[in-house]
Amino acid sequence: MKEPSYIILYVNDIPASTAFYSDILGKAPVESSPGFSLFVLDSGWKLGLWARQAVEPSADITGGGVEIGLTLDSREEVAATLEVLSAKQAKVIQEPTQMDFGYTFVVQDPDGHRIRAFCPSEIVI
């Protein structure tokens, strides 16, 4: 089996979610229609936004079941990222805090999908 390279989020409002992710990713989608938007990230991963009401087969799940993770290089970058996401109206559900794996926070996008940013802790072997 090949490694995953694509994630699709089911969203309520394609234009609003497309604008939110365009703002935080700093790029426009490569494809956009009334029911779907697609971003190609610098890493090669693809992020799709699919209108919840058009998903086939239909899905009744809502946001929050997974997290999009952003690995950052420093606590300062964590703070700066929180500032950017907060300015884009992301809802903060975990303020910056030190956890076992690193310094982290969690926000939700307009549909409740979780975005976690963190700076990994030093691993001592």
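The following refers to the structure shown. (Residues numbered from 1 in each chain as written. Predicted model: local features only at pLDDT ≥ 70, side-chain atom pairs only at ≥ 80, totals over all residues. Heavy atoms only, no water.)

Regarding the overall build of the protein
We apply this condition: Each helix is a run of DSSP H or I of at least 4 residues and each strand a run of E of at least 2, with the numbering of both proceeding from the N terminus. C-alpha atoms define the radius of gyration, and 2.2 Å times the number of residues to the power 0.38 defines the globule rule. Buried, partly exposed and exposed residues are distinguished by accessible area as a fraction of the type maximum, computed with a 1.4 Å probe on protein chains only: under 20%, between the cut-offs, and over 50%, respectively. Residue exposure ignores everything except the shown protein chains as possible cover, and the areas themselves are Shrake-Rupley values with a 1.4 Å probe. For this count, His and the chain ends are skipped, Lys and Arg are scored as positive, and Asp and Glu as negative. A charged residue contributes its charge at one atom only: NZ of Lys, CZ of Arg, CG of Asp or CD of Glu.
On a plain count of helices and strands, the protein comes out with two helices and eight strands. Seen in sequence order, the protein has helices and strands lined up from the N terminus as β-α-β-β-β-β-α-β-β-β. In terms of overall size, the protein behaves like a compact globule, its C-alpha atoms giving a radius of gyration of 15 Å where 125 residues would be expected to give roughly 14 Å. In terms of overall dimensions, the protein has C-alpha extents of about 45 × 40 × 30 Å along its principal axes. A burial count over the protein gives 33% of its 125 residues as buried. For the protein, the exposed area adds up to about 7800 Å²; of that, 55% sits on carbon and sulfur atoms. Seen as two clouds, the 9 positive and the 17 negative side-chain charges of the protein have centres 2 Å apart.

Some remarks on the nonpolar core
Quick reminder of the rule: Among buried residues, the Ala, Val, Leu, Ile, Met, Phe, Trp, Tyr and Cys ones that are joined through side-chain atoms within 4.5 Å form a nonpolar core. Contacts are residue-level and defined by heavy atoms, with any inter-residue pair within 4.5 Å sufficient.
With 21 residues, the main nonpolar core has Leu9, Tyr21, Leu49, Phe105, Val107 and Ile115 as its most contacted residues. For this core, the secondary-structure elements that each account for two or more residues are β1 (6–11), α1 (14–25), β4 (46–51), α2 (75–87), β7 (102–108) and β8 (114–120). For isoleucine 115, the residues in contact, after removing those within four places along its chain, are Phe20, Tyr21, Ile24, Ile68, Leu70, Leu85, Phe105, Val106, Val107 and Asp109.

Re the layout of surface pockets
This is how it is decided: Space inside and on the surface of the protein is sampled on a 1 Å grid over the protein atoms alone, with a cavity defined as a set of points where a 1.4 Å probe fits but cannot get out and a pocket as an open set with protein on both sides within 12 Å along at least 5 of 7 lines; lining residues have an atom within 4 Å of a point. Grid points are joined across faces, edges and corners, and a volume is the space filled by probe spheres set on the points. For this scheme, ten residues count as nonpolar: Ala, Val, Leu, Ile, Met, Phe, Trp, Tyr, Cys and Pro. Four count as charged, namely Asp, Glu, Lys and Arg, and the remainder, Gly too, count as polar.
Of the pockets and cavities examined, the largest pocket occupies roughly 550 Å³. Around the largest pocket, the lining is made up of 19 residues, and of these Leu25, Leu41, Ile68, Gly69 and Leu70 lie nearest the centre. Contributing elements (two or more residues each) for the lining of the largest pocket: α1, β4, β5 (67–71) and α2. Looking at side-chain class alone, the lining of the largest pocket contains 13 nonpolar, three polar and three charged residues.

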